[in-house]
Amino acid sequence: MEKSFLALEQRIEQEYDALAFVLESEATGAAAGTAMLLADKRFPGNTLLDLFVHPNYSDQTGGLIETLLSTTLYERIQAYSDPDDVEKIRALENAGFHLSAVLEKQITLPTG
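Here's what I pulled together on the structure shown here. Along each chain, residue indices are assigned from 1 in the same order as the chain's sequence is written. In keeping with the model being predicted, local features are shown solely for residues with a pLDDT of at least 70 and side-chain atom pairs are shown and tallied solely at 80 or more, while totals for entire chains, interfaces and linings include all residues. To obtain the side-chain values, all non-hydrogen atoms of the structure were included, while hydrogens and water were left out.

1. Section: the overall build of the chain
- If you tally the helices and strands in the chain, you get three helices and four strands.
- When the helices and strands of the chain are placed in sequence order, the string is α-β-β-β-α-β-α.
- Dimensions of the chain, computed from C-alpha atoms along their principal axes, come out at roughly 40 × 35 × 30 Å.
- Throughout this description, buried means an accessible area under 20% of the type-specific maximum (1.4 Å probe, protein chains only), exposed means over 50%, and partly exposed covers the range between. The 112 residues of the chain split such that 25% are buried.
- Accessible areas in this description were obtained via Shrake-Rupley with a 1.4 Å probe; residue shielding takes into account the shown protein chains only. Carbon and sulfur atoms provide 53% of the accessible area of the chain, an area that totals close to 8,400 Å².
- When charges are counted, Lys and Arg are positive and Asp and Glu negative, with His and the chain ends excluded. By convention, the point assigned to a charge is CZ for Arg, NZ for Lys, CD for Glu and CG for Asp. Of the side chains in the chain, 8 bear a positive and 18 a negative charge, and the two mean positions are spaced by 8 Å. Per the convention used, a helix needs a DSSP run of H or I reaching at least four residues, while a strand needs a run of E reaching at least two, with both numbered from the N terminus.

2. Examining the environment of glutamine 14
- The residue glutamine 14 is located in helix H1 (residues 2-16) in this model.
- In sequence terms glutamine 14 and threonine 72 are 58 residues apart; their C-alpha atoms lie 17 Å from each other.

3. Remarks on the layout of surface pockets
- If you add up the space inside the largest pocket, you get close to 910 Å³.
- Together, 23 residues line the largest pocket, and Ala79, Tyr80, Ser81, Leu99 and Ala101 are the ones closest to its centre.
- Listing elements by their share of the lining of the largest pocket, those giving two or more residues are strand E4 (76-79) and helix H3 (86-94).
- Per element, the largest residue contribution to the lining of the largest pocket is four residues, and it comes from E4.
- Amino acids outside the nonpolar list (Ala, Val, Leu, Ile, Met, Phe, Trp, Tyr, Cys, Pro) and the charged list (Asp, Glu, Lys, Arg) are all regarded as polar, and Gly is one of them. Along the lines of polarity and charge, the residues of the lining of the largest pocket split into 12 nonpolar, six polar and five charged. Throughout, the protein atoms alone are placed on a 1 Å grid, and a set of points is a cavity if a 1.4 Å probe fits but cannot get out or a pocket if it is open with protein on both sides within 12 Å along at least five of seven lines; lining residues have an atom within 4 Å of a point. Grid points are joined across faces, edges and corners, and a volume is the space filled by probe spheres set on the points.

4. Observations concerning the sheet that holds strand E1 (residues 19-24)
- Pairing between strands requires that DSSP locate at least two bridges from one strand to the other. Spatially, E1-E2-E3-E4 is the arrangement adopted by the four strands of the open sheet, whose pairing is mixed. Whereas interior strands pair on both sides, the edge strands pair on one side only; in this sheet they are E1 and E4. Geometrically, the sheet is characterised by an average inter-axis angle of 20 degrees between neighbouring strands, direction not taken into account.
- Where strand E2 (residues 31-39) meets strand E3 (residues 46-53), seven bridges bridge the pair, whose relative direction is antiparallel. Bridge pairing in E3 places alanine 39 opposite threonine 47.
- Its contacts with the sheet place helix H2 (residues 61-70) against E1, E2, E3 and E4, and it is angled at close to 35 degrees to E2. To obtain each axis, a line is fitted to C-alpha atoms, and for helices this fit is confined to the stretch in contact; angles are then taken between N-to-C directions over 0 to 180 degrees. Two residues form a contact once any of their heavy atoms are found within 4.5 Å.

These values are about where atoms sit, not about what they do.
The following block contains the structure:
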């Protein structure tokens, strides 16, 4: 599964002119997280930060964001988070992000 995920990430980088970093486990070398910046085609000048870190490595989320942002200059970067993902929210706030909107019911599950 990891190989498929990393192949998808590479394809996204190529097709969407995205920049991505992968967090690797020091113990196993497996991908433990990813952070990607890509243009938001809906809003020119806006860049999306797509971020996922395995819960066992959540303490490294801030470092991953810092590494990605230190290599780039963008006018406006937007990130999304589940309201229950306290570690991700804290890492985004520490990187200078702030809450600008709460979008409820953006994903519909078959269970309702």
